[in-house]
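# Coordinate analysis (summary)
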Amino acid sequence: MLERLRRRWLRARLRDPAWSGLFDEPADEMVSLDCETTSLNAAEAELLSIGAVKLRGNRILHSEALYLLVKPENIPSAGNIAVHGLRRRDLADALPPREAILRLLAFIGGRPLLGYYLEYDVAVLNKYVKPWLGIGLPQRQIELSARYYDYRFRQRPDSHIDLSLDALHRELGVPALPRHDALNDALSAAMLYQALRKRGFG
């Protein structure tokens, strides 16, 4: 009920009706999403790369994955480059933020968004989306760590639940991909979600 009211409220504030398809959720599909940025502070972070991959039922549609490099206004710091490996020259031909967001929205459509600590990625993306569309991303959001918490709590309600990504991979038996690459991280979230789904927590 609350989700329906939220979406109705957002639809009424959408500036461009050409994007009303963002509210049309297809059955049994979602998009796993991850962003690499210039900061861990969402208020000041700029996009550097976006990775997204579609899921349909129990399939991960790797062939339909999206990977975009985004040109920031400010040069990433040396510490930031050490994390994600994206140097100034790597971003020389990157997309302007608005074009990257345009491609991402077209890719997502109305599909729910899946991610590991997705709230941060959505907060960064909404800094670009809101001034343009008048609203933030309206899609339903599925937080991987919350689904994993429910799964572990059902097993052992009195135990400490480690929500680190390493713990998720270890406990669910999913091989870890190299980290801090937006597409790899989106794929990892998709694989972990499918592992939870097989256990009845998708």
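Up top is the structure.
Just so it is clear, the model here is predicted, and its values are computed rather than measured.

The rules behind each value
- Position numbers for residues count from 1 along each chain, tracking the sequence in the order it is written.
- Local features in this predicted model are restricted to residues of pLDDT 70 or higher, and side-chain atom pairs are both shown and tallied only at a pLDDT of 80 or more, whereas totals for entire chains, interfaces and linings draw on every residue.
- Based on all heavy atoms of the structure, the side-chain values leave hydrogens and waters out of the count.
- Secondary structure is summarised from DSSP: a helix means a run of H or I of at least four residues, a strand means a run of E of at least two, and numbering begins at the N terminus for each.
- For this measure, only C-alpha atoms enter the radius of gyration; the expected value for a globule follows 2.2 Å times N^0.38, where N is the number of residues.
- Relative accessible area decides the class of each residue, using a 1.4 Å probe on protein chains only: under 20% of the type maximum gives buried, over 50% gives exposed, and in between gives partly exposed.
- Note that accessible areas follow from Shrake-Rupley with a 1.4 Å probe, and for residues the cover is restricted to the protein chains shown.
- Counted charges follow a simple rule, with Lys and Arg positive, Asp and Glu negative, and His plus the chain ends left uncounted.
- Here the site of a charge means atom NZ of a Lys, CZ of an Arg, CG of an Asp or CD of a Glu.
- Salt bridges are identified by distance alone: a Lys or Arg side-chain nitrogen within 4 Å of an Asp or Glu carboxyl oxygen.
- Throughout, nonpolar core names a set of buried Ala, Val, Leu, Ile, Met, Phe, Trp, Tyr and Cys residues whose side chains join them through atoms within 4.5 Å.
- A contact between two residues is defined here by any heavy atoms of the two lying within 4.5 Å.
- A fitted line through C-alpha atoms represents every axis, and for helices the fit uses only the stretch in contact; the resulting angles, taken between N-to-C directions, go from 0 to 180 degrees.
- Here the word oblique covers every angle except those under 35 degrees (roughly parallel), over 145 (roughly antiparallel) and from 65 to 115 (roughly perpendicular).
- Any residue outside Ala, Val, Leu, Ile, Met, Phe, Trp, Tyr, Cys, Pro, Asp, Glu, Lys and Arg is labelled polar, Gly included; the first ten of those are nonpolar and the last four are charged.
- Polar contact is the term for a pair of N or O atoms within 3.5 Å; when the atoms are in protein, one must be able to donate a hydrogen and the other to accept it, and sequence-neighboring residues count only if both atoms are side-chain atoms.

The subject of this paragraph is the overall build of the chain. Counting its regular elements, the chain contains 7 helices and 5 strands. The order of helices and strands in the chain, counted from the N terminus, is α-β-β-β-α-α-β-α-β-α-α-α. Its C-alpha atoms give the chain a radius of gyration of 17 Å, near enough to 17 Å, the size a compact globule of 202 residues would have. Along the first, second and third principal axes, the C-alpha set of the chain runs to 45 × 45 × 30 Å. Burial status across the chain gives 48% buried among its 202 residues. Carbon and sulfur atoms provide 52% of the accessible area of the chain, an area that totals close to 10,600 Å². Considering the chain, the positive charge centre built from 29 side chains and the negative charge centre built from 25 side chains are found 5 Å apart.

A separate point is unusual backbone geometry. What you tend to see is this: most non-glycine residues have negative phi, and most peptide bonds are trans. In this structure, Tyr117 takes a positive phi of about 50° despite not being glycine. Residue placement: Tyr117 occurs in the loop between β4 (113-115) and α4 (118-133).

A few words now on the pattern of salt bridges. Per the stated rule, a full pass over the model turns up 10 salt bridges. Between Arg179 and Asp166 there is a salt bridge, with the nearest N and O atoms lying 3.8 Å from each other. Taken together, the positions of Arg179 in the loop between α6 (165-172) and α7 (182-198) and Asp166 in helix α6 put the pair 13 residues apart, joining distant regions of the chain.

Let us now look at the nonpolar core. Ranked by size, the top nonpolar core spans 33 residues in total, and within it Ile50, Leu125 and Leu133 carry the most contacts. When contributions to this core are tallied by element, the ones reaching two or more residues are β1 (29-37), β2 (47-56), β3 (59-69), α3 (97-108) and α4. For this core, the element with the highest residue contribution is α4, accounting for 7 residues. With near-sequence residues (within four places) excluded, Ile50 lies in contact with Leu33, Asp34, Cys35, Leu66, Tyr67, Leu68, Val70, Ala100, Leu104, Leu125 and Ala182. Grouped together as the second largest cluster of nonpolar side chains are 23 residues, Leu114, Tyr148, Tyr151 and Val174 included.

Okay, the side chain of His169 next. The topology assignment puts His169 in helix α6. Accessibility expressed as a relative area gives 7% for His169, which makes it buried. Other than its neighbours up to four places away in sequence, His169 contacts Val174, Pro175, Ala176, Ser188 and Leu192.

Running from N to C, α3 and α4 cross one another at 90°; their axes reach a closest spacing of 10 Å. When the axes of α3 and α4 are compared, the pair comes out roughly perpendicular. Residue-level inspection shows Pro97, Arg98, Ile101, Leu102, Leu104 and Leu105 of α3 in contact with α4, the latter providing Leu125, Tyr128, Val129, Trp132 and Leu133. Along the lines of polarity and charge, the residues of the contact of α3 with α4 split into 10 nonpolar, no polar and 1 charged.

Turning to α6, its buried residues are Leu165, Ala167, Leu168, His169 and Leu172. Elements that come into contact with the buried residues of α6 comprise α5 (144-155) and α7. Count one or two residues on from α6 and you reach Gly173, which has phi positive near 70°.

Further remarks concern the side chain of Arg111. Structurally, Arg111 is set in the loop between α3 and β4. What makes Arg111 buried here is its relative accessible area of 14%. Reaching out from Arg111, the side chain makes a polar contact with the backbone oxygen of Phe107 at a distance of 3.1 Å. A polar contact of 3.0 Å, which involves the side chain of Arg111, links it to the backbone oxygen of Ile108. Apart from the residues lying within four places of it in its own chain, the contact partners of Arg111 are Pro26, Glu29, Met30, Val31, Lys54 and Gln139.

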